[in-house]
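A look at the structure
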Amino acid sequence: MTVPHGVAPSVLAADFSRLGEQVAEVLDAGARTIHVDVMDGSFVPTFSMGPPVVVALADQIHAAGGLVDVHLMVDRPERHIADFAKAGADHITVHAEATPHLQYALQAIHDAGCTAGLALCPGTPVGVASELLSDIDLLLCMTVNPGWGGQAFLPSSIGKLERLRGLLGPGPAIEVDGGIDAVTAGPCASAGATAFVAGTALFGAPDPADAYREIAATIA
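Quick summary incoming for the structure in this document. What you see is a predicted model; the values in this text were computed from it and never measured.

Buried within helix 1 (residues 19-28) we find Leu19, Gln22, Val23, Val26 and Leu27. In a view along the axis of helix 1, the buried residues occupy a sector of 140°, so they form one face of it. Where helix 1 is buried, its residues meet strand 1 (6-9), strand 2 (33-39), helix 2 (51-63), helix 7 (200-203) and helix 8 (208-219). Positive phi appears at glycine 30, one or two residues downstream of helix 1, with a value of about 125°.

Along the chain, histidine 35 turns up in strand 2. Histidine 35 gets classed as buried once you look at its relative accessible area, which sits at 0%. Of the polar contacts made by the side chain of histidine 35, one reaches the side chain of aspartate 37; its length is 2.9 Å. Excluding its chain neighbours within four sequence positions, the residues that come into contact with histidine 35 are Ala8, Pro9, Ser10, Val11, Asp69, His71, Glu175, Asp177 and Val197.

To continue, consider the sheet that holds strand 7 (residues 173-177). As summarised here, the arrangement of the 8 strands in space is 1-8-7-6-5-4-3-2, forming an open sheet in which the pairing is parallel. On the outer flanks of this sheet lie strand 1 and strand 2, each paired with one strand and no other. Here the average twist between neighbouring strands, direction ignored, is 25°. Pairing of strand 3 (residues 67-73) with strand 4 (residues 91-95) involves 4 bridges; the strand directions are parallel. Residue pairing in the sheet places valine 70 in a bridge with isoleucine 92 of strand 4.

This next bit is on the pattern of salt bridges. Going through the model one piece at a time under the given rule, you end up with 4 salt bridges. Put simply, arginine 213 and aspartate 210 hold a salt bridge, and the shortest N to O gap is 2.7 Å. Taken together, the positions of arginine 213 and aspartate 210, both in helix 8 and 3 residues apart, correspond to about one turn of that helix. Note on arginine 213: relative accessible area 42%, which makes it partly exposed. Sharing partners across several salt bridges, the network here consists of Asp15, Arg18 and Glu21.

Once that is clear, we can look at helix 8. The first and last C-alpha atoms of helix 8 sit 17 Å apart over 12 residues, in line with the 16 Å expected at 1.5 Å per residue. If you check which residues of helix 8 are buried, you get Pro208, Ala209, Ala211, Tyr212 and Ile215. Across the axial projection of helix 8, the buried residues extend over an arc of 160°, all falling on one side. Turned more than 90 degrees from where helix 8 packs its buried face, Glu214 and Ala217 sit exposed. Looking at the packing, one finds that the buried side of helix 8 touches strand 1, helix 1, helix 6 (185-191), strand 8 (195-198) and helix 7. The N-terminus of helix 8 is capped by aspartate 207, whose side-chain oxygen sits 3.0 Å from the backbone nitrogen of alanine 209.

Conventions we followed
- Residues numbered from 1 in each chain as written.
- Predicted model: local features only at pLDDT ≥ 70, side-chain atom pairs only at ≥ 80, totals over all residues.
- Heavy atoms only, no water.
- Buried < 20%, exposed > 50% of the residue type's maximum accessible area, 1.4 Å probe, protein only.
- Helix = DSSP H or I, 4+ residues; strand = E, 2+ residues; numbered from the N terminus.
- Arc of directions from axis to C-beta.
- Contact = heavy atoms within 4.5 Å.
- Polar contact = N/O pair within 3.5 Å; in protein donor to acceptor, adjacent residues only side chain to side chain.
- Pairing = 2+ DSSP bridges.
- Axes fitted to C-alpha atoms, helices over the stretch in contact; angles between N-to-C directions.
- Salt bridge = Lys/Arg side-chain N within 4 Å of Asp/Glu carboxyl O.
- Expected span 1.5 Å × (residues − 1).

Here you go:
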């Protein structure tokens, strides 16, 4: 099993009346990571999808050689890991700010057979990750505040990415999420990012496949 990589279309921004069709479009364009944002109305103020959406998409994504990247923006994520793993998640990311038992949550992800990610909100210091480097397969740097689609990229994220890459070294994966498009993806790649969550920039475009290819070209 690999970790999220390349441009990762976020289905939060998709047209749910055509969800399978739109996922097929970006998979056919080359996407191999599909990002599923899960929000509980508590850790963040909005609600979104749960395990049934992962169940609905997992076979389609896996048949194309892709992986399901679940981003839990929920309080006490350790309570939900088993359900998402059973639903078909390949990778699960939890927030440093969402539980007092981070190491336990990350271990639970591995025990469930998934790779594990740690997410940091824009206001969370880089050093929070330093005690957990041996427990994570990916570090997610939020480049907007979590909970709302369509926000503008925070320019200070570039410096934070550079600090995270310095902390992690050259190997581990770093994902960015928020305001990622054909303008912001390239600078994030130069700063050390290896996976790029894009929602509105893809599914809000007239042709999501073309939008995917445009962003992918900037990180090649």
